[in-house]
Amino acid sequence: PLIRVVIYDLILAIRLLVTFPKPDIFYVRVAYFSLFTPLLAKFLRKKLVLEINGFVVDDVSAKGWRWPLNWVSISCEKFLHKISDASISVSEVICRSLRETFAVPEGKLFCLANGVNIEHFCPLDKQTCRRKLGLAPELDYIGYVGCFTDWDGIDSIIKALPNVKKDFPAVKLLLVGDGDRRTTLVQNVKELGLSEEVIFTGYVSYQDLPVYLNAFTVAVAPYGGSKAAELRNTKGSSSLKTLEYLSAALPVIAGNIPGVEYVENTAGFLIPQSDVSALATKVKILLGDKTLREKFARAGRQYAVQNCSWQAVADRTKEIFASMLKG
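Attention in this report is confined to the structure presented alongside it. (Residues numbered from 1 in each chain as written. Predicted model: local features only at pLDDT ≥ 70, side-chain atom pairs only at ≥ 80, totals over all residues. Heavy atoms only, no water.)

Focus: the sheet that holds strand β3 (residues 86–89)
Paired through their backbone hydrogen bonds, the strands of a sheet run either parallel or antiparallel. Applicable threshold: Any two strands with at least two DSSP-identified bridges between them are counted as paired. Every helix listed is a DSSP run of H or I at least four residues long, and every strand listed is a run of E at least two residues long, numbered separately from the N terminus. Angles shown run from 0 to 180 degrees and are taken between the N-to-C directions of axes, each axis being a line fitted to C-alpha atoms and, for helices, limited to the stretch in contact.
Taken in spatial order, the four strands of this open sheet run β1-β2-β3-β4, and their pairing is parallel. Here the strands that pair on one side only, and so sit at the sheet edges, are β1 (25–29) and β4 (109–111). Across this sheet, the average inter-strand angle for adjacent strands is 20°, counted without regard to direction. Taken together, the four bridges between strand β2 (residues 47–52) and β3 define a ladder with parallel strand orientation.

This is how it looks when you write it as structure tokens:
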């Protein structure tokens with residue numbers, strides 16, 4: 001992954017070098033070692049904007065990186081903040097951490113949470129979606145979608161399943177996505193004797209995701225999984241998967257990381273990160289109460305449409321860019 005980041009950044013910088021006319025603003029999503037494109041922006045005297053999706057100090061800790069990789073990645077981001085014209089962060093907590101750790105001036109920091117494609121992630125008929133995917137229409141499905149990382153708490157979902165099935169035997173777990181931890185998760189499922197109860201879909205294209213989401217009865221994003229992961233998550237997040245759940249009109253259970261407060265008692269429940277018992281309890285409440293599920297589904301969809309469209313995010317980004325160019 002580190003080599004991919006460096007190669008991608010180098011190729012992008014070369015492409016921009018031979019592109020005419022040059023863009024007025026170089027907008028770079030920071031990914032540990034993104035240096036070539038930012039340096040090119042400053043060499044060409046163009047505006048440089050950083051997109052910050054996590055707090056690097058806690059990210060490298062969660063990954064277990066050691067010195068010097070740890071030191072290099074943190075120093076790289078510190079340098080980028082020094083040469084940038086602005087940084088757009090996905091949460092207020094990350095903004096605060098950047099100010100405190102890297103002494104980034106407040107005037108260079110903007111908080112702008114992620115959005116969701118409300119036209120793409122929309123409610124669809126569950127039974128139709130399940131039949132299309134070859135799933136039993138009469139069963140309930142606890143669903144997760146995303147990368148299988150160290151901080152998303154997927155282990156908690158697997159561990160909670162036996163408790164849930166005691167009261168709701170006609171339920172299966174649908175894990176949509178792929179990632180570094182898939183092999184470990186598959187092994188955990190086998191050890192718990194749940195191979196027939198857990199479905200791993202593997203990688204699913206963005207275009208097909210709405211069909212999978214609409215097959216869910218309950219959508220979960222417990223987060224956590226280790227002390228390092230939970231520390232990382234406390235710096236705030238703008239959970240894309242949670243917004244996609246809401247936009248698809250799904251009742252949601254999410255770990256209580258900063259940035260997902262809108263879920264609580266509006267579109268679902270918040271639980272302590274990686275709390276297996278709390279997750280099982282909340283899942284059973286939703287499986288047993290169709291009226292509550294429908295209430296949360298309607299409210300979540302309404303919230304996403306009114307507050308979280310990518311158009312609203314794009315409009316705010318354009319305002320930030322316009323103010324920079326005037327300056």
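Re the packing of helix α7 (residues 154–167) against helix α12 (residues 276–287)
Inclusion rule: Any angle that is under 35 degrees is reported as roughly parallel, and any over 145 degrees as roughly antiparallel; angles of 65 to 115 degrees are reported as roughly perpendicular and all others as oblique. By convention the crossing between two helices is left-handed if the near helix lies anticlockwise of the far one by an angle smaller than a right angle, and right-handed if it lies clockwise. Only heavy atoms matter for contacts: two residues are in contact if any of them lie within 4.5 Å across the pair.
The contact between α7 and α12 brings their axes to 8 Å, and the two run at 45°. It follows from the interaxial angle that α7 and α12 lie oblique. Relative to α12, α7 is oriented so that their crossing is right-handed. On α12, the residues that touch S156, I157, K159, A160, N163, V164 and D167 of α7 are V276, L279, A280, V283, K284 and L287.

As for unusual backbone geometry
Residue P21 follows F20 across a cis peptide bond; omega there is -5°. Summarising the element assignment, P21 is placed in the loop between α1 (2–17) and β1. A cis geometry characterises the amide bond from W67 onward to P68, with omega recorded as 10°. Inspection of the secondary structure puts P68 in the loop between α3 (56–63) and α4 (69–83).

Some details on the environment of L185
Let me state the cut-off plainly: With a 1.4 Å probe rolled over the protein chains alone, any residue whose accessible area is under 20% of its type maximum counts as buried; one over 50% counts as exposed, and the rest are partly exposed.
The residue L185 is located in helix α8 (residues 182–191) in this model. Residue L185 is classed as buried on the basis of its relative accessible area, which comes to 0%. L185 sits 27 residues away from I158 along the chain, and the two C-alpha atoms are 8.3 Å apart. Apart from residues no more than four positions distant in its own chain, L185 is found in contact with F148, I154, D155, I158 and F200.

A short note on the sheet that holds strand β10 (residues 268–271)
Taken in spatial order, the six strands line up as β7-β6-β5-β8-β9-β10 in an open sheet, and their pairing is parallel. Two strands close off the open sheet at either side, each with one partner strand: β7 (198–200) and β10. On average, each strand axis in the sheet is tilted by 20° relative to the strand beside it, whichever way the strands run. By the bridge criterion, four bridges tie strand β9 (residues 252–255) to β10 in an arrangement that is parallel. Its bridge partner being in β10, V252 is matched across the sheet by G268.

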